[in-house]
Amino acid sequence: MCSLVKESQRRRKTAVILQCRMNQPDPHDTPASNDTPEVPEIAVLNAEFEAQRDADRAAAKAAFELLSPKDQAKYAMGWLHTARFLTTAAQLHHLPTYDLPEIAFVGRSNAGKSTCINVLTQQKRLAFASKTPGRTQHINLFAMGRQGKTDAVLADLPGYGYAAVPKQDKIRWQQVMANYLLTRPNLRAVVLMCDPRHGLTELDEILLDVIRPRVEEGLKFLVLLTKADKLNKTEGAKALQITKLQAGGGEVRLFSALKKQGVDEVATTLYQWMHP
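Residues numbered from 1 in each chain as written. Predicted model: local features only at pLDDT ≥ 70, side-chain atom pairs only at ≥ 80, totals over all residues. Heavy atoms only, no water.

Trainee: Explain the packing of aromatic side chains here, please?
Mentor: Each pair of aromatic rings is reported with the distance of its centres and the angle of its planes. Following the criterion strictly, the structure yields five aromatic pairs and no others. Both rings, one in Tyr 75 and one in Tyr 271, keep their centres 5.6 Å apart while their planes meet at 85 degrees; by these two values the pair is edge-to-face. Separated by 196 residues along the polypeptide, Tyr 75 in helix 3 (residues 69-80) and Tyr 271 in helix 8 (residues 263-274) bring together distant segments of the chain. Here Tyr 75 falls in the partly exposed class, since its relative accessible area comes to 32%. Judged by its relative accessible area of 6%, Tyr 271 is buried. Three or more aromatic residues joined by ring pairs make a cluster, and in this case those are Phe 64, Tyr 75, Trp 79 and Tyr 271. Positioned above the aromatic ring of Tyr 75 is the side chain of Arg 146, whose terminal nitrogen or guanidinium carbon lies 3.8 Å from the ring centre. (Phe/Tyr/Trp six-rings, centres within 6.5 Å; stacked < 30°, edge-to-face > 60°. Helix = DSSP H or I, 4+ residues; strand = E, 2+ residues; numbered from the N terminus. Buried < 20%, exposed > 50% of the residue type's maximum accessible area, 1.4 Å probe, protein only. Lys NZ or Arg CZ within 6 Å of the ring centre and 35° of its normal.)

If you want it as structure tokens, here you go:
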């Protein structure tokens, strides 16, 4: 009897082992081809998210275009008002990477760049205006978007050409800015501040030459003639005409932070550029 029981247990054990082996694929077998490759679930979710995001953007753009020019400016100003500090970087490799559109504000020191940003965003101290123009040596990023959902980033680049800093530091920052303007993949627009009483300087023209290839590829470009309140009507028209010839395809606007001249038009333009 004992021998029969042991034999039965041995057979059961052997059957279990054989069953396990049968369930395992033969390493010598060639797997059957599958014409429809499996798509990871995360890829499906990403595709659905991107499709929904594109649909939301299209709907928002259509709704914006139905507004009157006055209401468009009001909506755009409200969007700019959402600007909030994101991060600061002393070197390009310190900048975060993302697929959000970025708009860069650049200009000679003392051209009114910080004031322009603060007026457009309706925030008195968003962009820091140093008592010594040009001493700020960082790229400052500000996130923008309603309900805390960032849909664009404003980049405030250091002013150039004025600060009493060592020549080596000036050269380094010129290289950093040039590299940023040439290589930042998500850069969609550049706004250059210029004092119309002095016109475009040599450094401004160098900057124009740097970004010209990207402008030809579709980069948006706007020259703001700041402090326009210091010009009379004839002087303003002349400065506008001359700068348009120098801008090389970019838009040119008269702008006054004091009298709010051009603020609504610039806000609308920036919003449309960041929401094509």
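Trainee: It is not clear to me how the nonpolar core should be interpreted in this structure. Could you clarify?
Mentor: Nonpolar side chains tend toward joint burial in soluble globular proteins. In terms of nonpolar packing, the biggest core is built from 35 residues, with Leu 157 and Tyr 180 touching the most fellow members. Top contributing element to this core by residue count: helix 5 (residues 167-183), with five residues. In contact with Leu 157, other than residues within four places in its own chain, are Ala 104, Phe 105, Val 106, Lys 113, Ile 139, Met 177, Tyr 180 and Leu 181. The next biggest cluster of nonpolar side chains, apart from the first, holds 33 residues, and it includes Ala 83, Ile 103, Phe 105 and Phe 255. (Core = buried A, V, L, I, M, F, W, Y, C linked by side-chain atoms within 4.5 Å. Contact = heavy atoms within 4.5 Å.)

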